[in-house]
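So you can see what is in the structure, the chains are spelled out below.
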Amino acid sequence: MSEEMLEQIVQISDHQEPAIEFRGVSKTYPSGTHALEDVNIRINKGEFVFVVGSSGAGKSTFMKLIMREEKANTGTINVNGFNLTKMRRKHVPLLRRTMGIVFQDFRLIPSMNVFDNVAFAMHVVGESGREVRREVSKALSKVGLGDKARSMPMQLSGGEQQRVGLARALVNAPDLIIADEPTGNVDPNMSYEIVNLLTEINKRGTTILMVTHDHNLVRDFKHRVIMLDSGRIVADNAAGGAE
Amino acid sequence: MKVFNMKLGSIRYLIKEGFKGAWANRLMSLASIGVLVACMVVIGLAILISENVSLAVGTLEKQNVVMVYMKDYNWALYSDAANLPEGKRNGADKNGILKSDYVIHDEEEAKALCKKIEGLDNVDSVEYVSSEQGLETVKGAMIEGQEEYFDFLDDEYGNPISSAAKVTMKEMALFDKTVEEIKTLEGVDVVQSHSDLAAKIDTIKQGIYVAGFWIIAILIIISLVIVSNTIRVTLYNRKLEISIMKAVGATDAFVRIPFVIEGMIIGLISAVISEALIYFCYRVATEKISIMLGQVVPFGELAWFLLLVFVSIGIFSGALGSAFTIGKYLKHEGSEFTAI
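Note that the coordinates shown come from a computational prediction; the quantities given were computed from them, not determined experimentally.

Caption draft 1: Here's a closer look at the overall build of chain B. Looking only at helices and strands, chain B has 11 helices and 4 strands in total. Within chain B, the fraction of its 340 residues that count as buried is 33%. Of all intrachain contacts in chain B linking residues separated by at least 6 positions in sequence, the fraction that spans at least 24 positions is 84%.

Caption draft 2: Spatial organisation of the overall build of chain A. When you go through chain A residue by residue, the secondary structure sums to 8 helices and 10 strands. A total of 243 residues make up chain A; the buried ones form 45% of that total.

Caption draft 3: Up close: the sheet that holds strand E2 (residues 123–129) of chain B. Residues and elements named next belong to chain B. Pairing in this open sheet of 4 strands is antiparallel, and the strands run E2-E3-E1-E4 from one edge to the other. Each of the sheet's edge strands pairs with one partner strand only, and the pair in question is E2 and strand E4 (188–192). Averaged over all pairs of adjacent strands, the angle between strand axes in this sheet comes to 20 degrees, irrespective of strand direction. Two strands pair when backbone bridges link them, and strand E1 (residues 66–70) and strand E3 (residues 164–169) are joined in this way by 4 bridges, in the antiparallel orientation.

Caption draft 4: Layout of the sheet that holds strand E1 (residues 18–28) of chain A. Residue and element names in this part refer to chain A. Within the open sheet, the 4 strands sit side by side as E2-E1-E4-E5. Their pairing is antiparallel. Two strands lie at the open edges of the sheet, namely strand E2 (34–44) and strand E5 (82–83), each paired on one side alone. Looking at chain direction, E1 and strand E4 (residues 74–79) are connected through 5 bridges and run antiparallel. Directly across from Ile20, in E4, lies its bridge partner Val79. Strands in contact with helix H2 (residues 59–66) are E1, E2 and E4; relative to E1, the strand with the most contacts, it is inclined by about 120 degrees.

Caption draft 5: The pairing of E2(A), seen in detail. All names here are of chain A. Where E1 and E2 come together, 7 bridges link them in antiparallel fashion. Within the sheet, the bridge partner assigned to Val25 lies in E2 and is Val39. Linking two consecutive strands that pair antiparallel, namely E1 and E2, is a turn of 5 residues; a positive phi of about 105 degrees is found at Gly32 within it.

Caption draft 6: A look at the pairing of strand E10 (residues 232–237) of chain A. All names here are of chain A. In the sheet, strand E9 (residues 224–229) pairs with E10 via 5 bridges, with the strands oriented antiparallel. Bridge assignment links Ile226 to a residue of E10, and that residue is Asp236. Once E9 ends, the chain turns through 2 residues before running back antiparallel as E10, passing Ser230 with a positive phi of about 50 degrees.

Caption draft 7: Structural detail: the environment of Asn73(A). Residues and elements named next belong to chain A. Examined against the element boundaries, Asn73 turns out to sit in the loop between H2 and E4. Classification of Asn73 by C-beta neighbours within 10 Å gives partly exposed; the count is 13. In sequence terms Asn73 and Ser26 are 47 residues apart; their C-alpha atoms lie 5.8 Å from each other. When residues no more than four places from it in sequence are discounted, the contact partners of Asn73 are Ser26, Lys27 and Thr28.

Caption draft 8: Main features of the confidence of the model for chain B. All names here are of chain B. Across chain B, pLDDT averages 80, with 84% of residues at or above 70. Looking across chain B, the model is least confident in helix H6 (residues 151–157), with a mean pLDDT of 62, and most confident in helix H4 (residues 107–118), with 91. Taken as a whole, residues 1–5 scores under 50 in pLDDT and shows 7 contacts with residues more than four places along the chain or in a different chain. Of the two predicted TM-score estimates for the complex, the pTM is 0.65 and the ipTM is 0.79.

Caption draft 9: The arrangement of helix H9 (residues 239–247) of chain B in detail. Most of H9(B) sits out of view: 7 of its 9 residues are buried. Backbone geometry just downstream of H9(B) places Gly249(B) in the positive-phi region, at approximately 100 degrees.

Caption draft 10: Molecular detail of unusual backbone geometry. All names here are of chain A. Phi is positive for Asn80, close to 50 degrees, though the residue is something other than glycine. Of note, Asn80 is situated in the loop between E4 and E5. In this structure, Arg107 is a non-glycine residue whose phi angle is positive, near 55 degrees. On the secondary structure map, Arg107 appears in the loop between strand E6 (99–102) and helix H4 (114–123).

Caption draft 11: Geometry of the nonpolar core. Val51(A), Val118(A), Val136(A), Ala167(A), Ile177(A), Ile178(A) and Ile208(A) are the most contacted members of the largest nonpolar core, which totals 109 residues. Residue contributions to this core peak at 12 residues, all from helix H10 (residues 252–293) of chain B. Setting aside residues no more than four positions away along its own chain, Ile208(A) makes contact with Phe48(A), Val49(A), Ile177(A), Ala179(A), Leu198(A), Ile201(A) and Asn202(A).

Conventions and cut-offs
Residues numbered from 1 in each chain as written. Chains lettered and ligands numbered in written order. Predicted model: local features only at pLDDT ≥ 70, side-chain atom pairs only at ≥ 80, totals over all residues. Helix = DSSP H or I, 4+ residues; strand = E, 2+ residues; numbered from the N terminus. Buried ≥ 20, exposed ≤ 12 C-beta atoms within 10 Å, placed from the backbone. Contact = placed C-beta atoms within 7 Å. Pairing = 2+ DSSP bridges. Axes fitted to C-alpha atoms, helices over the stretch in contact; angles between N-to-C directions. pLDDT = per-residue confidence, 0-100. Core = buried A, V, L, I, M, F, W, Y, C linked by C-beta atoms within 7 Å.

Written as C-alpha cells, this is what we have:
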C-alpha cells in the first residue's frame, strides 16, 4: 500500500469519527417544557450541517446541550470525544476549548478594538505575547479584516462585526464551530459572504454546525440539513439543498 | 490543545485586567474605598484607644502595689508581746522582747521572705523595703515641716514601721487569690491592698478587649459586604466579557481572578489612605489629649502594626468579598453564557 493511499485511509477514517453524537437524548426543563424528545443524531468530523426549524422547535436546546450549557435528562451525548453526560462542571472549559462559537448578536466587547476582541479569546485560554499577535493577525486575514485590526466595533458594519466574531471563534483553532444564526443581523449579501467563509473553514477540516432561518442559504449551499420540530428531528437531508 | 497552562503572561494579563476593572468602575471603586477607609479608621481608632487605655491602666496597675508587712522586731515592739512586764522574761532586751517573739530577725531573713513571695505564680515583682526606708516614706508623705514631729520615733520609742515587701502582680483578676497566698507565708503580718481598685482595673481591661473585638469584627463584616457590592456592579458591567470568556473555555478561576485582584486593589488603596488619615488624626488628637493625660502611646510604636492590620483587612475583605460574589454569580448565572 502506497503512503499516499495510507494517508487517504487515515483521513477518511478520521472524518468518520463523530464530532457530535446524540443517542436517545431528551430534555425537559424544570418548567415542564419538553424541549427535545428521543433525539438520535450523528455528525461526523469535517461535516457542514445546517440546523433549521421554527421557533420553539428545540434548536436552542440542541445547541445548548452540545455546548454543555444544559444537561440532558436522558440519553448520551458525545462531542469532540467528550462524554457530556458524565462530564463534571469543572471540565466544561476543556470541552469549550475544542469549539468556536459565533453568536447572532456578535457579542463584541465595545471598549476593545478588533484585534483585542479576537486576542481576548486567546488570553482567556492562557495564551500570551507573540503567539497571540501571530494567530490573531492570521485569523483576521482569513476573514478579510487584516486592515481593520485597530478599528473599534462601532466603526464596523454588521457584516464586518460578524466576521470579527468569526475570527474570534477561529483563533484557537477549534475542531468544531457552532454558529447560532450568524447571518441573522446582517444584510443578504453579507450572509452569503459569511457562509462562504464558513464553507472555506469547513474545507480545511473544521466541523461546522450552523443554526439558520434563512431558506435561501440552505437552498444555495449544498450542506447537510437537520430539521427540528417540536423537539424531534423530522428531517435529516445529507445531500442538502432543500428543507 | 493547551489546557490549564497559567503562564506568566496570563498572570500579567489577569493583574492588568484587575486594574482595568477598578479603573473602569472608578466611581463605584471610589465609593467603596470611602466606606472601607471609614471602617478602617474606626478600627484604627479602636486599636489606638485600646492601646492608650491599656497604657493608662498599666500605669494604674503599677501604682496598685501590695505592701506586705513582716513580723520583725518593730512589729514585736508595737504588738502585744511588747506589753509583757519587764524582768519576767529571761533574755529579753530593754524593750522586753525575746527573739522568739518575732519571725523575721534580720535583713537576710526579710529578703528570703521576699524571694518566697516572688516565687508565687501571679507575682510580677517584689521590692524589699526596710523599716528605715518605710519610715522615710511616711515622713516624705508629710507636709513640709512636719517631718520633725516624727523624729521622736527614732530616738525614744523606736521605728514603728515593719520591714515590708512591695509587691506588684501580673494579673489583676488573680489579685485576691494571690493576696491570700501571701498571707499564708510565715513571717507575714498584714497585707495592705486595694482589691476593689484591682477589680475595677480588671473590669475596664476586659471591657476594652470585648468592645474592641466586636467593633473590629462588625467592621470587617461591613468591609466584606461593601467590597462584595462593588464587585457585583463590576460583574454586571462585564457580563458580556464573562459570557465570552465562558464560551471560549475560560475556567472559573480565570474569570474570578481579575475580580479578586480588583477587590484587593480597592482594599490596599483603602489601607494606605486609612494609615495616613489615622496618622494625622492621632497627631492632632494627642497634641490636645497628652496635656490632660500626660502620657500617650507614640504613633510610631503602632504605625507598622496598624498598617499591617489595614492591609490585612483590605486584602482579606477585597479578596474574600469579590471571590464570594463572583463565585455565586458563576454558580447561578455566569455558566450560561448564551443567556445574557
